[in-house]
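# Coordinate inspection notes
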Amino acid sequence: MAAAWVGMLSLTGACQRSDRLTTAERTAIADTLTTLVTQAYDLRQGNAPARLLALYPDSGRVISAVAGRVTTTRDTLAGEIRGFWERVGQNMREPRFELGSTYVDLLTRDAAVVTLTYRIPHLTPRHTPHVVGGAWTMLWRRQNGRWRIVQEHLSDTPESTEPGPQATIAHSSR
């Protein structure tokens, strides 16, 4: 019986050790995930909706909580991304994605949680300064060698939801 317990403990220890990551591996994964986000959100590049959607799996369930709503399918998420681009993204002039505080927790070699803050300062079509930004938590999973977001929650900063020119006028009159 004692030999069986020793064997099980050895096997358990071996399983745990095989999933431990070195500091260099942790850093490389964290850098990879933040680079994927910053490259996708370089809105000055062409075909932004496709690049944004490329952060997510090609199929299967994708949970996204944004602006008080939850979507659960890739098709619905694709529609939300297209809607964002049509309402907001394509109207940004000189957008610049700025990564703020970033926290990466690696769960396993193939799963990570990233929470970050971001800002996208830009000009409106009327050349008025405006900023879209917030906090974003993502659950990433490596699938077929590629990291993809399988669950997320975005929380906009209050100024992100205010219209650019009107917000500037309303705030300046106080």
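Above this text is the structure in question.
All residue numbers refer to positions counted from 1 along the written sequence of the respective chain. Only residues with pLDDT of 70 or above have their local features reported here, since the model is predicted, and side-chain atom pairs are shown and tallied only from 80 upward, although totals for entire chains, interfaces and linings are computed over all residues. Where side-chain values are given, they derive from all heavy atoms of the structure, hydrogens and water being excluded.

### Observations concerning the pairing of strand S4 (residues 111–123)
Stated precisely, the cut-off is as follows: For two strands to pair, DSSP has to find at least two bridges joining them. Secondary structure elements are defined from DSSP: runs of H or I of at least 4 residues count as helices, runs of E of at least 2 residues count as strands, and each element is numbered from the N terminus.
Pairing analysis gives eight bridges linking strand S3 (residues 98–108) to S4, with the strands arranged antiparallel. Within S4, the residue paired with threonine 108 across the bridge is alanine 111. In sequence, S3 turns back onto S4 through a hairpin of two residues. Here 13 bridges tie S4 to strand S5 (residues 129–143), and the two strands are oriented antiparallel to one another.

### A look at the side chain of threonine 34
Let me state the cut-off plainly: Contacts are residue-level and defined by heavy atoms, with any inter-residue pair within 4.5 Å sufficient.
Checked against the element boundaries, threonine 34 lands in helix H2 (residues 23–40). Once residues lying within four places of it in the same chain are set aside, the contact partners of threonine 34 are Leu99 and Thr102.

### Observations concerning the pairing of strand S6 (residues 146–156)
When a strand is regular, its side chains alternate between the sheet's two faces. Strand direction decides the pairing type here: strand S1 (residues 61–66) and S6, joined by four bridges, are parallel. Considered in S6, the bridge of alanine 65 is made with histidine 153. As defined by bridge partners, S5 adjoins S6 across ten bridges and the pair is classed as antiparallel. The residue of S6 that forms the bridge with tryptophan 136 is leucine 154.

### A closer look at the packing of aromatic side chains
The test is simple: The rule is short: rings of Phe, Tyr and Trp, with Trp giving its six-membered ring, pair when the centres are within 6.5 Å, and they are stacked under 30 degrees, edge-to-face over 60, tilted in between. For every residue, the accessible area obtained with a 1.4 Å probe (protein chains only) is divided by the maximum for its type, and the residue is called buried under 20%, exposed over 50%, and partly exposed between those limits.
Applying the stated criterion across every chain yields a total of four aromatic pairs. With 5.4 Å between their ring centres and 75° between their planes, tyrosine 41 and tryptophan 136 make a pair best called edge-to-face. Of the two residues, tyrosine 41 is situated in the loop between H2 and helix H3 (48–53) and tryptophan 136 in strand S5; the sequence distance between them amounts to 95 residues. When its relative accessible area of 1% is taken as the criterion, tryptophan 136 is described as buried.

Everything listed is a geometric property; what it means functionally is a separate question.
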